[in-house]
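Observations on the three-dimensional arrangement
Residue-level listing of the chains:
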Amino acid sequence: MKPAVLVTKRIFPEAVELLRQHAEVDYVDSDDGLTPEELDRRARGKRGIVSQLTDQFTAERIGRLAGVRVIANVAVGFDNVDLAAATRQGILVANTPDVLTDTTADLAFALLLAAARRVVEGHRFVHSGQWRRWTIDLLAGHDVHHKTLGIFGMGRIGQAVARRGAGFSMRLLYHDARRAPEALERELGLEFVDQARLLGEADFITLHVPLNDSTRKLIGPAELRQMKPHAILVNTSRGPVVDEAALAQALAAHAIAAAGLDVFENEPHVHPLLLELDNVVLTPHIGSASVETRRKMSLLAAENALAALAGRRPPNLLNPEAMSK
Ligand code: DGY
């Protein structure tokens, strides 16, 4: 008998077909997602779950997932899953790294450029018919090339952003809980600095850390005060890494120059003040959203789930300790 797999939300059809070759698939072919109650109900009797970042797997819910062997998240981030609780219960958890690295770095850089060069303001200006004449400082923004880029988090996406920064002849500072190997620092031209130096010296600050207890509100009022008045903040990681209200206040007061935000504290809710400001560029959590990458992420999640159900180690297993349970 084929194992039963729940797919909690719409994914690319190729991935559903792949799952169907090896599993009995309960497919929620909708973008709405399941309510917590529906998720509990549909998960009953399943061996695998292909989930998305909008599905919350708290310790309590995981406790109800009797019989589930794998949660395969269609995302690189896995802050929606209590990994420790899953491990205790012998549930394998997998994510979708690598395939989205460059795509996400592209969006971080797009936001950086758009915020610095006021691209969205320019679009609105032309589109609304306000453009009457050329003037010397019309929508003058900030140069990106040869400036200092401060990167929080030197994982795969942080490195990909550093490569883009190098292409713009930027000076590259980074901070991470763990220092990168010397060879990588040399290859990318990176300088490891403490948090205070990064905040005080960078013209652009970009966040590429996972969300956990040590990164929640990494950027709050005190950190914003340490930034240069012309600093531009970019966040494509997770919303709660930034204190959104404090950032909105800082942008409104022009305490920093601008921000480019793809992620928010309470998605899809955005702090109302951010919606009123011109010096912020907002996108709806689309860091990895190219057709190619989202297809690859869907397929990778399906492969992770199927490997676990076949008794193999999923290619992107996050909790190898759970294998032996
Ligand atoms: C992730 O993968 O964690 C992104 O936030 C969604 O692609």
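Heads up: the structure comes first, above all this text.
The structure presented is a predicted model; accordingly, all values stated were derived computationally and were not measured. (Residues numbered from 1 in each chain as written. Predicted model: local features only at pLDDT ≥ 70, side-chain atom pairs only at ≥ 80, totals over all residues. Heavy atoms only, no water.)

On to the environment of glutamine 56, then. Along the chain, glutamine 56 falls in the loop between strand E3 (48–51) and helix H3 (59–63). Given the relative accessible area of 41%, glutamine 56 is considered partly exposed. Spatially, the C-alpha atoms of glutamine 56 and asparagine 80 are 4.9 Å apart, while their sequence positions differ by 24 residues. Non-local contacts of glutamine 56, meaning those with residues more than four positions away in its chain, are made with Leu39, Arg61 and Asn80. (Helix = DSSP H or I, 4+ residues; strand = E, 2+ residues; numbered from the N terminus. Buried < 20%, exposed > 50% of the residue type's maximum accessible area, 1.4 Å probe, protein only. Contact = heavy atoms within 4.5 Å.)

Take the sheet that holds strand E2 (residues 24–27) next. Strand order in the open sheet formed by five strands is E2-E1-E3-E4-E5, with parallel pairing between adjacent strands. The sheet is open, and its two edges are formed by E2 and strand E5 (92–94), each paired on a single side. The average angle at which neighbouring strand axes cross in this sheet is 15°, direction not considered. Summarising the sheet, E3 and strand E4 (residues 70–73) pair through four bridges and their orientation is parallel. Looking at E4, one finds that serine 51 is bridged to asparagine 73. Here helix H1 (residues 13–22) sits on the sheet and contacts strand E1 (4–7), E2 and E3; the angle it forms with E2, its principal contact strand, is near 145°. On top of the sheet, helix H13 (residues 291–309) reaches E1, E3, E4 and E5; it is set at about 165° to E4, its chief contact. (Pairing = 2+ DSSP bridges. Axes fitted to C-alpha atoms, helices over the stretch in contact; angles between N-to-C directions.)

Every residue near the ligand is listed here: Leu53, Ala75, Val76, Gly77, Leu100, Arg238, His285, Ser288, Arg294 and Met297. Contacts to the ligand include serine 288, whose side-chain N or O atom sits 2.5 Å from an oxygen atom. Its residues assigned to classes, the shell around the ligand shows five nonpolar, three polar and two charged. (Near = heavy atom within 4 Å. Polar contact = N/O pair within 3.5 Å; in protein donor to acceptor, adjacent residues only side chain to side chain. Nonpolar A, V, L, I, M, F, W, Y, C, P; charged D, E, K, R; others polar.)

One finds Val7, Ile11, Leu19, Val50, Leu149, Val161 and Phe204 to be the most contacted residues of the largest nonpolar core, which totals 55 residues. The element best represented in this core is helix H5 (residues 101–117), accounting for nine residues. Domain assignment of the residues forming this core places at least three in each of domain 1 (4–99 + 291–324) and domain 2 (101–282). Leaving out residues up to four positions away in the same chain, valine 161 has contacts with Ala105, Ala108, Phe109, Leu149, Ile151, Thr206 and His208. Phe152, Val209, Leu247 and Ala259 belong to the second-largest nonpolar core, a separate cluster that totals 32 residues. (Core = buried A, V, L, I, M, F, W, Y, C linked by side-chain atoms within 4.5 Å. Domains from an automatic or database assignment.)

Looking now at the side chain of serine 288. Within the secondary structure layout, serine 288 lies in the loop between strand E12 (280–282) and H13. Among the residues examined, serine 288 registers a relative accessible area of 9% and is labelled buried. Engagement of the side chain of serine 288 in a polar contact is seen with the side chain of arginine 294, the distance being 2.9 Å. Setting aside residues up to four positions removed in sequence, serine 288 forms contacts with Leu100, Thr103, Thr104, Thr293, Arg294 and Met297.

Below, the discussion takes up helix H6 (residues 119–127). Those residues of H6 that sit buried are Glu121, Gly122 and Phe125. Angular distribution of buried residues about the axis of H6 spans 100°; they occupy a single face of the element. Exposed side chains of H6 directed beyond 90 degrees from the buried face belong to His123 and His127. (Arc of directions from axis to C-beta.)

So, on to the pairing of E1. Every other side chain in a regular strand lies on the same face of the sheet, so the side chains alternate between the two faces. Across four bridges, the pairing between E1 and E2 is parallel. Considered in E2, the bridge of valine 5 is made with valine 25. By the bridge criterion, three bridges tie E1 to E3 in an arrangement that is parallel. Note that in E3 the partner of valine 7 across the bridge is valine 50.

Taken in spatial order, the seven strands of this open sheet run E8-E7-E6-E9-E10-E11-E12, and their pairing is parallel. With one partner strand each, in any of the chains shown, strand E8 (190–192) and E12 form the two edges of the open sheet. Neighbour-to-neighbour, the strand axes of this sheet turn through a mean angle of 20°, independent of strand direction. Pairing of strand E6 (residues 148–152) with strand E9 (residues 204–207), which is carried by four bridges, proceeds in the parallel orientation. From the neighbouring strand, isoleucine 151 faces E9, where its bridge partner is threonine 206.

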